[in-house]
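# Structure at a glance
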Amino acid sequence: MIARHVRKLEAYTPGEQPKAKNVVKLNTNENPYPPSPACAKVLKDFDLDRLRRYPDPVFAELRATLAALNGTTPDRVFVGNGSDEILALAARAFVEDGESIGSLDPSYSLYQTLAAIRNVPWRGLETGDERRGGCATPPLAPDVALFLLTNPNAPTGEFREPADVAAFAKAFKGVVLVDEAYADFARANCMALATAPRNRNVLVMRTFSKSYSLAGLRVGYCVGPKPLVDALYKIKDSYNVDAVAQAVALAAAKDQKWMKANVAKVVKTRAWFETELAARGWDVIPSEANFVFAKPPCPQKAAALFAALKAKNVFVRYFKGPKTGDRLRITIGTDAQMKRLLKEIEIG
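Residues numbered from 1 in each chain as written. Predicted model: local features only at pLDDT ≥ 70, side-chain atom pairs only at ≥ 80, totals over all residues. Heavy atoms only, no water.

## As for the confidence of the model for the protein chain
Quick note on the threshold: pLDDT is a per-residue confidence score from the predictor, ranging from 0 to 100. Residues count as neighbours in contact if any of their non-hydrogen atoms are within 4.5 Å of one another.
Averaged over all residues, the pLDDT of the protein chain is 94; the fraction at 70 or higher stands at 96%. For the stretch residues 128-134, pLDDT sits under 50, and the model shows 13 contacts to residues farther than four places along the chain or on other chains.

## Remarks on the sheet that holds strand β9 (residues 283-285)
Worth spelling out the cut-off: Only strands that DSSP links by at least two bridges are regarded as paired with each other. Helical segments are the DSSP runs of H or I of at least four residues, strand segments are the runs of E of at least two, and each set is numbered from the N terminus. Helix axes are fitted to C-alpha atoms over the stretch in contact, other axes to C-alpha atoms as well, and angles between N-to-C directions run from 0 to 180 degrees.
The sheet built from three strands is open, its strands ordered β9-β10-β12 with antiparallel pairing. The open sheet terminates on both sides in strands that have one partner only, identified here as β9 and β12 (328-331). Taking each pair of neighbouring strands and ignoring which way they run, the sheet shows an average axis angle of 30 degrees. Relative to strand β10 (residues 291-295), β9 runs antiparallel, the two being bridged by three bridges. Pairing of Val284 across the sheet is with Ala294, part of β10. Seen against the sheet, helix α10 (residues 256-279) touches β9, β10 and β12 and runs at an angle of roughly 5 degrees to β10.

## Concerning unusual backbone geometry
Excluding glycine, residues mostly have negative phi values, and the peptide bonds linking residues are mostly trans. Under the convention used in this document: Residue burial is assigned from relative accessible area. The probe radius is 1.4 Å, only protein chains are included, and a residue is buried under 20% of its type maximum, exposed over 50%, and partly exposed in between.
Put simply, Asp105 and Pro106 share a cis peptide bond, and its omega is 10 degrees. Residue position: Pro106 is located in the loop between β3 (100-105) and α5 (110-118). Look at the link from Asn151 to Pro152: it is a cis peptide, with omega at -5 degrees. Looking at the element boundaries, Pro152 is found in the loop between β5 (144-150) and α6 (162-171). Positioned with a positive phi, Asn313 is a non-glycine residue whose angle comes to about 65 degrees. Position of Asn313 relative to the elements: it lies in the loop between α11 (302-311) and β11 (314-315). The class for Asn313 is partly exposed, based on a relative accessible area of 26%.

## Overview of the nonpolar core
Note the threshold: By nonpolar core is meant a set of buried Ala, Val, Leu, Ile, Met, Phe, Trp, Tyr and Cys residues that side-chain atoms within 4.5 Å join together.
Of all hydrophobic cores here, the largest spans 101 residues; its most connected members are Phe208, Ile330 and Leu341. Here the element with the most residues in this core is helix α9 (residues 243-254); it accounts for nine residues. Ile330 has contacts with Leu26, Phe273, Trp282, Phe291, Val292, Val316, Met338 and Leu341, leaving out every residue within four places of it along the chain.

Here is the structure:
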């Protein structure tokens, strides 16, 4: 009764959402600061009568605002129920049976799960030295039709220059979806590739979960060539983003000053925390995201430290495996949270 490929696939494992009090939660790259007060006002004043009716199926007002923010037109903007929905739709829209999906390795582990759900192979592109920037001409199998490129990458946090991404996309024959979940924390981004008039194959995706502090809302969007955006609209659910989510996301998008102030605090704390870890002997990959990916000094082991911290209600993320198992991914929280983490690390 269950499809063979579904029976075989390994489901994506989200970060733990602990229920205990007094938890230091640094495991899912959430923003430690609250969203814009404008979001609270929307919720307080929301007309419940709107809930009787279906929401705008094409998110006209939100798309117009996002288009203006990114220097493009609304017909080149697609809005999804979180960026994860956009990824799932891309796997359906741009990949034929018999083709495959590619990504960096290591990268966001959901990509492999999406390929398995779509029942097509996943092809990993070795990143080599994580400290080396750049993205060379893709040495990919010819069947890769969709490449999912997280920039800054997760879980490593390293950044690839827009020029390198452009070269990658130019050499690649399929669709390149640049997943910019963490772009607001980086020194640059690839949105200009998506809005360029001659762009034929690049989509740039953003989320409200990180810099806008709205992970609980589930809203993401992408920008790119109209034919690709139109393809996503063809296969989306009829009303995929609810009325409350559209209204709150619109308020957040209009308050850029609040978002940028929160981002600046996270970036400042990130720089301080990287220095503190390095002073304690950790090997820290320079990050341009709202997290760091770091290896504890010998004789400490990442897996054991992860468990020890969890026992003290300090939650970070551990990914087992030969490429990631020697490091911890640590979300940047408030200064107080990061000091608590450092204290627990020193206690051991």
